[in-house]
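Listed here are the chains, written in short residue letters.
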Amino acid sequence: GDGAGGEVKVKKGEDIRVLLREAQIQVLSGVKIVFSGVFPSSIPLHKSREVQMAEKLGAKCYDKVGPHITHIIVFLRNGRRHLTDKLLLCLAMGTVEVVTPNWLQACTAFWERAGEDMFRLPDYPLVLEENKKQIEELKEKLKAEPLQEEEEEEQ
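Residues numbered from 1 in each chain as written. Predicted model: local features only at pLDDT ≥ 70, side-chain atom pairs only at ≥ 80, totals over all residues. Heavy atoms only, no water.

Q: Please explain the layout of surface pockets as it appears in this structure.
A: Using a probe with the size of a water molecule, rolled over the atoms, empty space left in the structure can be pinpointed. Space inside the largest pocket adds up to approximately 200 Å³. Phe35, Ser36, Gly37, Val38, Phe39, Ser41, Ile43, Leu45, Tyr62, Asp63 and Lys86 together form the lining of the largest pocket. (1 Å grid on protein atoms, 1.4 Å probe; cavity = no way out; pocket = protein on both sides within 12 Å on 5 of 7 lines; lining within 4 Å. Points joined across faces, edges and corners; volume = space filled by probe spheres on them.)

Q: I would appreciate a short explanation of helix α2 (residues 49–56) in the present structure.
A: Since there are 3.6 residues in each turn of an α-helix, residues three or four apart along the chain are aligned in direction. Along α2, the residues classified as buried are Glu50, Val51, Met53 and Ala54. The buried side chains of α2 occupy one side of the element, clustering within an arc of 160 degrees when seen end-on. Looking at the buried side of α2, the elements it contacts are β1 (32–36), β2 (60–62) and α4 (101–110). A positive phi of about 95 degrees marks Gly58, the residue just after α2. (Buried < 20%, exposed > 50% of the residue type's maximum accessible area, 1.4 Å probe, protein only. Helix = DSSP H or I, 4+ residues; strand = E, 2+ residues; numbered from the N terminus. Arc of directions from axis to C-beta. Contact = heavy atoms within 4.5 Å.)

Q: Looking at this structure, I do not really get the packing of helix α3 (residues 85–93) against helix α6 (residues 132–144). What am I missing?
A: A pair of packed helices is characterised by two quantities: the angle between their axes and the separation of those axes. Remark: α3 packs on α6, axes separated minimally by 8 Å, with the N-to-C direction vectors making an angle of 70 degrees. One element, α3, and the other, α6, form an angle in the roughly perpendicular class. With respect to the hand of their crossing, α3 and α6 are arranged in right-handed fashion. In this structure, α3 uses Leu88, Leu89, Leu91, Ala92 and Met93 to contact α6, whose residues at the interface are Gln134, Ile135, Leu138, Lys139 and Leu142. (Axes fitted to C-alpha atoms, helices over the stretch in contact; angles between N-to-C directions. Parallel < 35°, antiparallel > 145°, perpendicular 65-115°, else oblique. Left-handed = near helix turned anticlockwise from the far one by under 90°.)

Q: What exactly am I supposed to notice about the packing of α2 against α4 here?
A: Packing of α2 against α4 leaves a shortest axis separation of 10 Å and a crossing angle of 45 degrees. What the angle tells us is that α2 and α4 run oblique. The two elements α2 and α4 meet at a crossing, and its hand is left-handed. The segment α2 lies against α4, with Arg49, Glu50, Met53 and Ala54 engaging Leu104, Gln105 and Thr108. Among the residues forming the contact of α2 with α4, the class breakdown is three nonpolar, two polar and two charged. (Nonpolar A, V, L, I, M, F, W, Y, C, P; charged D, E, K, R; others polar.)

Q: Got a minute to help me understand α3 in this structure?
A: α3 sits mainly inside the fold: seven of its nine residues count as buried. Within α3, burial applies to Leu87, Leu88, Leu89, Cys90, Leu91, Ala92 and Met93. Those residues of α3 that are buried lie in contact with β1, β3 (71–74), β4 (97–99), α5 (124–130) and α6. Looking one or two residues past α3, Gly94 carries a phi angle of roughly 75 degrees, positive in sign.

Next up, the structure:
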């Protein structure tokens, strides 16, 4: 044969960038993120620096909480007594990793998925304890009406 179906030849000097890009996009592959309190809601999702960081690492980012969400990245602007609806919903789901923006920075810096336990909200056990009633009520509500899958947004 004349090389058909062989390896894709990459120009010298370009190959390292391609390999790095492929390695980078594996870092958070399969991770599906919503954000709460991290950037102003007036900023479109894909314009935010954090979303761009996450997508570079292969994560998908969403506006709304759905059953597919794996992580919520949270900055508590008003302290732990004023949780956003998004955060409460994720806590009620019980399957979502709750982390601070530093988690994303660590993933970016080290090109690997950082351990979520090192990046919990400050006073995380208290957050859960103080909002227990609301979380329990939401859990019941979710049993009655499960969240709908959000359509994949085309970039």
